[in-house]
There are 2 protein chains.
Amino acid sequence: MASEKRQKAIDLSHHLSDLSRARGVSPLKGLAKYFGRPGVISLAGGLPNPAYFPFNNIGADVLVPDSFSLNTTGQDESSLSWFWKFFGRAGKERTTSISIPKFSETTEQVSLAVALQYGGIGLRQLQAFLNEFVEKVYQPAYSDFSILVHTGNTDGWSRVMQTLINPGESFLTEEWTYTSALATTNPHGMHAVPIPMDKDGMSSTDLRSILAGWDEKARGCKRPHVMYTVPVGQNPCGYTMSSIRKKEIYNICVEYDIIIVEDDPYYFMQQEDYVPKSERSSQSTGKYVNEADWLASLSPSYLKFDYQGRVIRLDTFSKYIAPGSRLGWHTCSPLFAERLERQGETSTQTPCGFGQSLVTQLLTTWKYDGYIRWLHGIAVQYKNRRDFFIDTFGDEFHLVPSTSNIGFWKDRQVFDAYAKSKKCVMAEKGELGTKLFSFVPPSAGMFIWLKVHFENCPGANASGAERPEIQLWVKIAEAGVVISPGWFFAADEENPPTDETEGHFRISFSYADFETLRKAVKIIANVMKEFFRVSD
Amino acid sequence: MASEKRQKAIDLSHHLSDLSRARGVSPLKGLAKYFGRPGVISLAGGLPNPAYFPFNNIGADVLVPDSFSLNTTGQDESSLSWFWKFFGRAGKERTTSISIPKFSETTEQVSLAVALQYGGIGLRQLQAFLNEFVEKVYQPAYSDFSILVHTGNTDGWSRVMQTLINPGESFLTEEWTYTSALATTNPHGMHAVPIPMDKDGMSSTDLRSILAGWDEKARGCKRPHVMYTVPVGQNPCGYTMSSIRKKEIYNICVEYDIIIVEDDPYYFMQQEDYVPKSERSSQSTGKYVNEADWLASLSPSYLKFDYQGRVIRLDTFSKYIAPGSRLGWHTCSPLFAERLERQGETSTQTPCGFGQSLVTQLLTTWKYDGYIRWLHGIAVQYKNRRDFFIDTFGDEFHLVPSTSNIGFWKDRQVFDAYAKSKKCVMAEKGELGTKLFSFVPPSAGMFIWLKVHFENCPGANASGAERPEIQLWVKIAEAGVVISPGWFFAADEENPPTDETEGHFRISFSYADFETLRKAVKIIANVMKEFFRVSD
């Protein structure tokens, strides 16, 4: 297996965009070697003396790594935090104090004098932690990979698209994809080429046939050389790509010389299969008690197969520490890392030093093992949230394993949802009535993706009216619940991968407490039943 | 005076770039009104529950606002911070503790649950502080101005240039300008049109004549409609534009329909005139003891004259709190603010929540008056640094008030520097010998800008050799001092506003402690004398 050899990334510099080439080398050009030499007095930059930083130290009380249990019985541990707040029992949470002084005793220690100064590529201590993390968790197939901190995956993708894609060029992505990624590229005239999905996410068969049959004239642009993909907890559909499929896609990308941009915020939210409430045991810990086994159970990153250095992976702390940390990193070849660094120098520069130093101090206090334990705890929390959320749909609707093999859901665990009448008379008779929507329990991430069967809704497609998806969306919003309409996520908004009679919603189970989730599902159920004119 | 009326910004939407127009409205489009309504349950976004933020609180010990004296006798107060560190007497500094809990008791208080979440336009409390600050300090000429936080002026300018300038278009700027601003635009094919400077900074006469005589064919692009300017502590020259000149420039911009981008990081580092050491009194406080008088003495922002809303002002906390705060803000018309917000949504997003909440808590603890006192203290520190630095040049060279009225330095306080021989024989005889360089004491900012007289240097212009500026720069660097070579700052690098026999250096006095500054000037003096073959 080529992917198991540890190689050096090959030169893929022909992929750089005109903008990236025009950036030239470092702004310091030939004089760079004189900067930053030990013992040299630098009077070059406009750096304020750290005495003028009004912060003498910063600190925090941080949770211990095993704050969340590995218990998969569906308890809402997130609500405890609120409970402790309201009843003044915050001391019940186990915490550790961390602090960062303005000046440190040793160069090993993080100091504000460094963290709050202008600074190139981020804190050395963070860099070291991330190197260990990437090496152990993702195991890149070549050894000279680079890590470059950024201010979150939005910044990450923004830098990548400017570094690799010229205006007028297109890029490959899943037929349903992350809206914000499109909002980044569309205004630049870089358009998404949607690839159909099957049960394993992006279809390798469709990818190959689209590339092989690419007609430059008919398409109006040359064959894409960049792929943007969310392979784990695919946004919005919630799929997770298997290892086999990743290898297939990677090999096609080698064949057609494509750079893979792996946007992977949900990697540590991979969840075991959904087991209906009635079949789950009431007291159980997760499948993996040992962190190494848990990590080994996760679908590998594209990095593991990337013996050529054609993967740019985007990681973020937004989902595991906090979105407001505005901190993440690129893992990629040194060539791309250098260009991405230059790209960042004229926009975001280095991530915020307050955030960098606090997160770095947290991670170096927890250490690698502690952070993995924290991630595992968070993963179990999201599994519990997903299970609770689907259970709640089961309370409001008849959820029935599907027999219909809907399109790209073939061979997946699909549930069809039918209206539950007050007396459940029809159900008892085996008559389910109107099928309202279907879904696949997500295997990772924060969202459930519903396909709504407007073909069963009388009058929903009356000509002249708003599309039924929007009609129903507005009614749910007016009843007090805001969810995401499906059309947000069509890679090609003009030609969404769906027909007129269908609609989709993406619903997040990541934020609200369990009681609020239950209330929201009740509201959705009531509005839906009324919309479908299903009598109670 | 039109500028004294408080008007509403006029519609200048015809200035938006193609990229900005292509961004459309909000990503939420027509559904935006349903988001964020009170009482609504949102299951739309991928927001983690704040229970999963591992930070239970963050805090800091911050200096009190009057930590730096208003004493202008040139004491190096910045070194005390190091002193206290090394002698373990950190407790000698007067500090206040601030902290930010995960959940706050009232909505007035900053909380991590809000600050560390995804969030649109930054913390409400910071917004409120900045509104008060801009209103009181800059006094914009129209009342419906908007404030939008960004991650520092690099991000600020990056968003502006993408929002206003199309590739291939040009923009106006001072003939010497901030390198990084050019590094942002050049790769996009947006080129700087240099405007000559006189003693007040950008020349209004030259600006008008360049605009009036604009020849689209000869220039290869249409007349610029954007100006990038650093009017206070002009980078690199250190000039500060007078109120009268600003009005002249503003009126020309009204006439030619130009948007003014006022990049103003050094606003609160405006310094009184340099008085030679021998003439300064040894014990004196600054000219302004009252903060209101000090503020009133500062050159006004372009905002004060901006009755049409054609100014986009960039402010940053980098110089007054810390560069690593990566925090600043745009002040501009609501039209531009909305476009700049959209532009940021696909790159930096909101500034880091750790930084935002700590800076906000600092400012709301200090309050407006405290922050103004802090700024005044910092201003005095930089005045002391500048004075010390020039004094040190005076120790190493003969500094003589210039009689030569060099080019755009006409009517400024100019010093010529001559080599000081060991015995000072020539000087005593009134013979000064070789004039090495000249400079104008900066009236704001962190830098001194030297013009080096290579015409007096035998052999420096030998054909085939590197330009003398670089030859000397390398020798100084090899001797252990790194400064900035002048060619970095030429708005038009191909045609720098200088002749072959001249060279320039920008030297920063902002960072090093006083002893190091003295050591650096000694090194520079020795290398220069050797380079100019001036016998000791």
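Residues numbered from 1 in each chain as written. Chains lettered and ligands numbered in written order. Predicted model: local features only at pLDDT ≥ 70, side-chain atom pairs only at ≥ 80, totals over all residues. Heavy atoms only, no water.

### What about the pattern of salt bridges?
Between side chains of opposite charge, pairing is possible as soon as their charged atoms come close.
All names here are of chain B.
Part 1: For the structure shown, the criterion picks out 56 salt bridges over all chains.
Part 2: The salt bridge involving Arg 94 is made with Asp 66; its shortest N-O contact spans 3.3 Å. Taken together, the positions of Arg 94 in the loop between helix H2 (78–86) and strand S3 (95–101) and Asp 66 in the loop between strand S2 (55–63) and H2 put the pair 28 residues apart, joining distant regions of the chain.
Part 3: In this structure, Asp 315 engages Arg 313 in a salt bridge whose closest nitrogen and oxygen atoms are separated by 2.7 Å. Accessibility assignment for this pair places Asp 315 and Arg 313 in one class, buried. (Salt bridge = Lys/Arg side-chain N within 4 Å of Asp/Glu carboxyl O. Helix = DSSP H or I, 4+ residues; strand = E, 2+ residues; numbered from the N terminus. Buried < 20%, exposed > 50% of the residue type's maximum accessible area, 1.4 Å probe, protein only.)

### Considerations on the sheet that holds S2 of chain B
Part 1: Strand order across the open sheet formed by four strands is S3(A)-S2(A)-S2(B)-S3(B), with antiparallel pairing between neighbours. Both outer strands of the open sheet, strand S3 (95–101) of chain A together with S3 of chain B, are each paired with one neighbouring strand and no more. Recorded for the sheet is a direction-independent mean angle of 15° between the axes of neighbouring strands.
Part 2: Examined bridge by bridge, S2 of chain B and S3 of chain B share seven bridges and lie antiparallel to one another. Within the sheet, the bridge partner assigned to Ala 60 of chain B lies in S3 of chain B and is Ile 98 of chain B. (Pairing = 2+ DSSP bridges. Axes fitted to C-alpha atoms, helices over the stretch in contact; angles between N-to-C directions.)

### Looking at the interface of chain A and chain B
Part 1: Facing the 114 residues of chain A at the interface are 114 residues of chain B.
Part 2: Carbon and sulfur atoms make up 63% of the area that chain A and chain B hide from each other, which totals about 9500 Å².
Part 3: In terms of surface lost to chain B, no three residues of chain A exceed Ile 41, Leu 43 and Tyr 52 of chain A, which account for 9% of the buried area on that side.
Part 4: Between the two partners, chain A and chain B, sit zero salt bridges. (Contact = heavy atoms within 4.5 Å. Buried area = accessible area lost by both parts, 1.4 Å probe.)

### Topic: unusual backbone geometry
Part 1: In this chain, Asn 235 of chain A is followed by Pro 236 of chain A through a cis amide linkage whose omega measures 15°.
Part 2: With respect to the helices, strands and loops of the structure, Pro 236 of chain A is situated in the loop between strand S9 (226–229) and helix H9 (243–255).
Part 3: For Gln 139 of chain A, which is not a glycine, the phi torsion comes out positive at approximately 50°.
Part 4: Structurally, Gln 139 of chain A can be placed in the loop between helix H4 (124–137) and strand S4 (146–150).
Part 5: In this structure, Gln 349 of chain B takes a positive phi of about 55° despite not being glycine.

### Let's talk about empty space enclosed by the protein
Part 1: Summed over the entire model, instances satisfying the criterion amount to eight cavities of 30 Å³ or more.
Part 2: Its volume calculated, the largest cavity comes out at about 190 Å³.
Part 3: Ser 158, Gln 162 and Ser 347 of chain A together with Ser 158 and Gln 162 of chain B are the residues nearest the centre of the largest cavity, which is lined by 22 residues in total.
Part 4: At the level of elements, helix H5 (153–164) of chain A together with helix H5 (153–164) of chain B are the ones that each hand at least two residues to the lining of the largest cavity.
Part 5: Of the residues that constitute the lining of the largest cavity, the class distribution is two nonpolar, 14 polar and six charged.
Part 6: Its volume calculated, the second largest cavity comes out at about 80 Å³.
Part 7: In terms of lining, the second largest cavity is formed by 13 residues, of which the most central are Thr 151 and Cys 352 of chain A together with Thr 151, Arg 326 and Cys 352 of chain B.
Part 8: Here the residues of the lining of the second largest cavity are counted per class, giving four nonpolar, seven polar and two charged. (1 Å grid on protein atoms, 1.4 Å probe; cavity = no way out; pocket = protein on both sides within 12 Å on 5 of 7 lines; lining within 4 Å. Points joined across faces, edges and corners; volume = space filled by probe spheres on them. Nonpolar A, V, L, I, M, F, W, Y, C, P; charged D, E, K, R; others polar.)

### Quick word on the relation of the copies chain A and chain B
Part 1: Overlaying chain A on chain B yields an RMSD of 0.0 Å, the required transformation being a rotation through 180° with an accompanying axial translation of 0.0 Å. Put plainly, the chains are arranged around a two-fold axis. Scanning chain A for the C-alpha nearest the rotation axis identifies Gly 59 of chain A, at a separation of 2.7 Å.
Part 2: Interface residue correspondence from chain A to chain B reaches 100%, placing this contact among same-surface, isologous pairings. (Least-squares fit on C-alpha atoms with pLDDT ≥ 70 in both.)

### Quick look at the domain arrangement of chain A
All names here are of chain A.
Part 1: Each assigned domain of chain A is listed here: domain 1 (10–46 + 121–264 + 301–351) and domain 2 (383–531).
Part 2: Of note, the centres of domain 1 and domain 2, computed from C-alpha atoms alone, are 33 Å apart.
Part 3: Contact with domain 1, which involves 22 residues of that partner, is made by 22 residues of domain 2.
Part 4: Carbon and sulfur atoms supply 61% of the area buried between domain 1 and domain 2, which totals about 1900 Å² over both sides.
Part 5: Counting the surface domain 1 buries against domain 2, the share from its top three residues, Trp 176, Lys 199 and Tyr 239, is 35%.
Part 6: Taken together, the connections running from domain 1 to domain 2 amount to zero salt bridges.
Part 7: Taken together, the links from domain 1 to domain 2 amount to seven residue pairs in polar contact (both at pLDDT 80 or more). (Domains from an automatic or database assignment. Polar contact = N/O pair within 3.5 Å; in protein donor to acceptor, adjacent residues only side chain to side chain.)

### Notes on the side chain of Glu 169 of chain B
All names here are of chain B.
Part 1: Residue placement: Glu 169 occurs in the loop between H5 and strand S5 (170–174).
Part 2: A polar atom in the side chain of Glu 169 sits 3.1 Å from the side chain of His 225.
Part 3: Glu 169 has contacts with Leu 164, Gly 189, Met 190, His 191, Lys 222 and His 225, leaving out every residue within four places of it along the chain.

### Some words on H5 of chain B
Part 1: The end-to-end C-alpha distance of H5 of chain B, which contains 12 residues, comes to 16 Å, matching closely the 16 Å that a straight helix rising 1.5 Å per residue would cover.
Part 2: The complete set of buried residues in H5 of chain B reads Asn 153, Thr 154, Asp 155, Gly 156, Trp 157, Ser 158, Arg 159, Val 160, Met 161, Gln 162, Thr 163 and Leu 164 of chain B. (Expected span 1.5 Å × (residues − 1).)

### Remarks on the packing of aromatic side chains
Part 1: One pass over the full model with this rule turns up 84 aromatic pairs over all chains.
Part 2: Summarising the aromatic geometry, the rings of Trp 157 of chain B and Tyr 228 of chain B are spaced 4.7 Å apart at their centres and angled 45° between planes, so their arrangement reads as tilted. Pair noted here: Trp 157 of chain B is in helix H5 and Tyr 228 of chain B is in strand S9 (residues 226–229), with a separation of 71 residues, a long-range link. Both residues of the pair, Trp 157 of chain B and Tyr 228 of chain B, count as buried.
Part 3: Between Phe 317 of chain B and Trp 329 of chain B, the aromatic rings sit 5.3 Å apart at their centres with planes inclined by 45°, giving tilted as the arrangement. Here the residue Phe 317 of chain B occupies a position in the loop between strand S11 (311–316) and strand S12 (328–332), and Trp 329 of chain B occupies one in strand S12, the gap between them amounting to 12 residues. The residues Phe 317 of chain B and Trp 329 of chain B share a single accessibility class, namely buried.
Part 4: A cation over a ring is seen here: Arg 412 of chain A above Tyr 239 of chain A, with NZ or CZ 4.5 Å from the ring centre.
Part 5: The ring of Tyr 267 of chain B has Arg 313 of chain B sitting right over it, with the charged end atom 5.1 Å from the ring centre. (Phe/Tyr/Trp six-rings, centres within 6.5 Å; stacked < 30°, edge-to-face > 60°. Lys NZ or Arg CZ within 6 Å of the ring centre and 35° of its normal.)

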